[in-house]
Amino acid sequence: MAKRYEWVRAVPSIVWALALAVLMGLGEGVHLVPLDSLSCFPVFQDGIQAAAGQRYFLGDAWQWPLLDTRSLLAPRGASVAMTDSTPLLLLLFKPFVALLPAGFVPYRLWLVFCFLMQPVSMVLALSAAGERRFTALMSGAILALCMPFFLGRIIHLSLMGQFLLLLAFAFYFSLVRGKKWALGLTPIFLVICLLIHPILMLLASGTIAAAALTLLCRRAKAWREVACSCGAGIALVLIVSEVLGYFRYAQGAGGYGLFSMNLLSPIWPMHSDLLAFIPALHYGMETQSFEGYSYLGAGLLLLLLCDVVFCRRELLSAMWRHAGLSIFLGIMALYAVSNTGYAGPYRLWHIALSPPLADVFRASGRCFWPVGYGLLIAAVRLSRFIPRWVGGSLLIVCALLQFLDTRSLRAQAHDLWKADFPVTGVTRSLTGLIARTQQVALYPVAGCGLDLYGPDADRIMTVFRLSAEQNRPINTFYLSRPPKDFACGREKPQADQAEGTLEIYVGGLQPAANRHCQDLDGLKICPPL
């Protein structure tokens, strides 16, 4: 009987861990994000933005630059990189658009893929760090899949690709250990990150570049080739960004310090099931409540506490051996807190100066993500210094606690992706009007008086959604960054209504007297003559 199962012991633990991580991530993804409809839109603003960009891009002919579609900001066009539509995904699907079902948008497949890759990438990161214990690999995978700030990011489709940060840690450890394959793949990996989301690319590139600093602190000559690989990656990213038109858009939108992380956010149990009896955190600024959400979870906090109590020397030794990574993660933690630091409702400091890239990292709370994943990897690795059976049991308990602590976050995600738009008389009428026209013109345009967060926000997003569903070009849209040559003076209604164009006015702007308009749920609808 023992010989019959010898092949099980012969298979490396990482193979079993990867196989189970795939099943676990895929099951979680399909449960939370149903795949029964691949054409319906999300019910929230950022989801509508991303899905509309995907629908327009797949429904349009190829343009140059490659990420442009003439259906956004028609007739000039705009890049779907500015609608956070996961450009890499669209480039992969576009050649096969003739084989896709009508109205297909791939964001649900992307989300399931993110859930699949989250535990897989954690296993790869731990393995690259030298971990071989099956219990540690699987516990780390569960902790990563149940990371609260991962589950809480479900409304930002591209930013669900946090598995890229875990893969960046895998690159870091591989480069520090002298793996030559990582040198050649680093530039390609950074371009892939760019084509998913620029913020993920910047965080991943910093994590990987920390390998050069670590080797330099160790006085190892290999730091030069690692630095060259990272430099080549940044150069390739800049070239691809220029070719694909990223630099045609404003590089910053201001607001650094507003969307920061509260110093208590990583340890204060917000959206926690196990620690729900603890009062909600009072933020110094309400803008910290979402972008600064960085809760680590009850399981990871317990594991970190045990490591600090029982493995202090080993923790300090690891920080010293990985000095470059420790410095980078420290900088990212400071970036996340920003130049205005709060602990709960209390402001601790305010510095008038803004750091480099402040406009790019204006939602600075996201900078804590690599710190959180770095703490997770460190916590799992340090558990090997706890006596074997105690350490293994501790990992299992912490993984279970993390899973139980995030039940409400998973329930919220499940309900969110099961929700659909109600069909009303207003939406039927608006859908019919849009279907009978060639183009939609909404006034005022975004950036020139269109309030995407005011009382008319739902009406505006309904116009965007229905226009995209009917694949009708629209003159304005909700972009993450405006074009550099954008000017409000050129975005006013024409003296005469263009042929085949449905004009829609929202807010206080009134159409010209030569239009034949009607009121529809607070919108002034002017069909073409």
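Above: the structure in question.
Residues numbered from 1 in each chain as written. Predicted model: local features only at pLDDT ≥ 70, side-chain atom pairs only at ≥ 80, totals over all residues. Heavy atoms only, no water.

Novice: Lay out the pattern of salt bridges with the relevant residues and their values.
Specialist: Counted by the stated rule, this structure contains 13 salt bridges. A salt bridge links Glu 491 to Arg 76; the shortest N-O distance between them is 4.0 Å. Of the two residues, Glu 491 is situated in the loop between helix 20 (457–469) and strand 6 (501–505) and Arg 76 in the loop between strand 1 (68–69) and strand 2 (78–79); the sequence distance between them amounts to 415 residues. A residue is classified by how much of its surface remains accessible, and Glu 491, at 18% relative accessible area, is buried. Owing to a relative accessible area of 30%, Arg 76 belongs among the partly exposed residues under this scheme. Between Asp 456 and Arg 459 there is a salt bridge, with the nearest N and O atoms lying 2.7 Å from each other. (Salt bridge = Lys/Arg side-chain N within 4 Å of Asp/Glu carboxyl O. Helix = DSSP H or I, 4+ residues; strand = E, 2+ residues; numbered from the N terminus. Buried < 20%, exposed > 50% of the residue type's maximum accessible area, 1.4 Å probe, protein only.)

Novice: I'd like a rundown of the sheet that holds strand 5 (residues 439–443), residues and numbers included.
Specialist: As summarised here, the arrangement of the four strands in space is 5-6-8-7, forming an open sheet in which the pairing is mixed. Here the strands that pair on one side only, and so sit at the sheet edges, are strand 5 and strand 7 (518–520). Taken pair by pair, the neighbouring strands of this sheet meet at an average axis angle of 30 degrees, ignoring direction. For strand 5 and strand 6, the ladder comprises five bridges, and the chain directions are parallel. Along strand 6, the bridge assignment pairs Gln 439 with Thr 501. Where helix 19 (residues 425–435) meets the sheet, its contacts fall on strand 5, strand 6, strand 7 and strand 8 (523–526), and the angle it forms with strand 7 comes to roughly 130 degrees. Sheet strands in contact with helix 20 are strand 5, strand 6 and strand 8, and its direction is about 165 degrees off that of strand 5. (Pairing = 2+ DSSP bridges. Axes fitted to C-alpha atoms, helices over the stretch in contact; angles between N-to-C directions. Contact = heavy atoms within 4.5 Å.)

Novice: An account of empty space enclosed by the protein is requested, with residue identities and associated values reported.
Specialist: In the structure shown here, the tally under the stated rule is two cavities of 30 Å³ or more. What lines the largest cavity is Asp 46, Gln 49, Ala 50, Asp 84, Ile 155, His 156, Leu 157, Ser 158, Leu 159 and His 197. For the second largest cavity, the calculated volume is near 40 Å³. Along the walls of the second largest cavity sit Ala 81, Asp 84, Pro 87, Ser 158, Leu 194, Ile 196, His 197, Pro 198 and Tyr 246, which together make up its complete lining. Residue classes in the lining of the second largest cavity are distributed as six nonpolar, two polar and one charged. (1 Å grid on protein atoms, 1.4 Å probe; cavity = no way out; pocket = protein on both sides within 12 Å on 5 of 7 lines; lining within 4 Å. Points joined across faces, edges and corners; volume = space filled by probe spheres on them. Nonpolar A, V, L, I, M, F, W, Y, C, P; charged D, E, K, R; others polar.)

Novice: Can you explain helix 16 (residues 368–382)? Please cite residues and give values.
Specialist: One turn of an α-helix holds 3.6 residues; hence residues three or four places apart share an orientation. Compared with an ideal rise of 1.5 Å per residue, which puts 15 residues at 21 Å, helix 16 spans 21 Å between its outermost C-alpha atoms and is within 8% of the ideal. Of all 15 residues in helix 16, 13 are buried, a share of seventy percent or more. (Expected span 1.5 Å × (residues − 1).)

Novice: Give me the layout of surface pockets: which residues, what numbers.
Specialist: Here the second largest pocket is characterised by a volume of approximately 910 Å³. Together, 35 residues line the second largest pocket, and Leu 315, Met 319, Gly 374, Leu 375 and Ala 378 are the ones closest to its centre. The leading source of residues in the lining of the second largest pocket is helix 16, at nine residues. Split by residue class, the lining of the second largest pocket holds 25 nonpolar, four polar and six charged.

Novice: Can you break down the nonpolar core residue by residue, with the values?
Specialist: By size, the foremost hydrophobic cluster in this structure holds 158 residues, and its most contacted members are Phe 115, Phe 189, Tyr 373, Leu 376, Leu 430, Phe 464 and Ile 504. With 14 residues, the single largest contributor to this core is helix 5 (residues 107–128). Listed in part, the five residues of the second largest apolar core include Ala 441, Tyr 443, Val 445 and Tyr 505. (Core = buried A, V, L, I, M, F, W, Y, C linked by side-chain atoms within 4.5 Å.)

Just distances and angles here, no functional claims.
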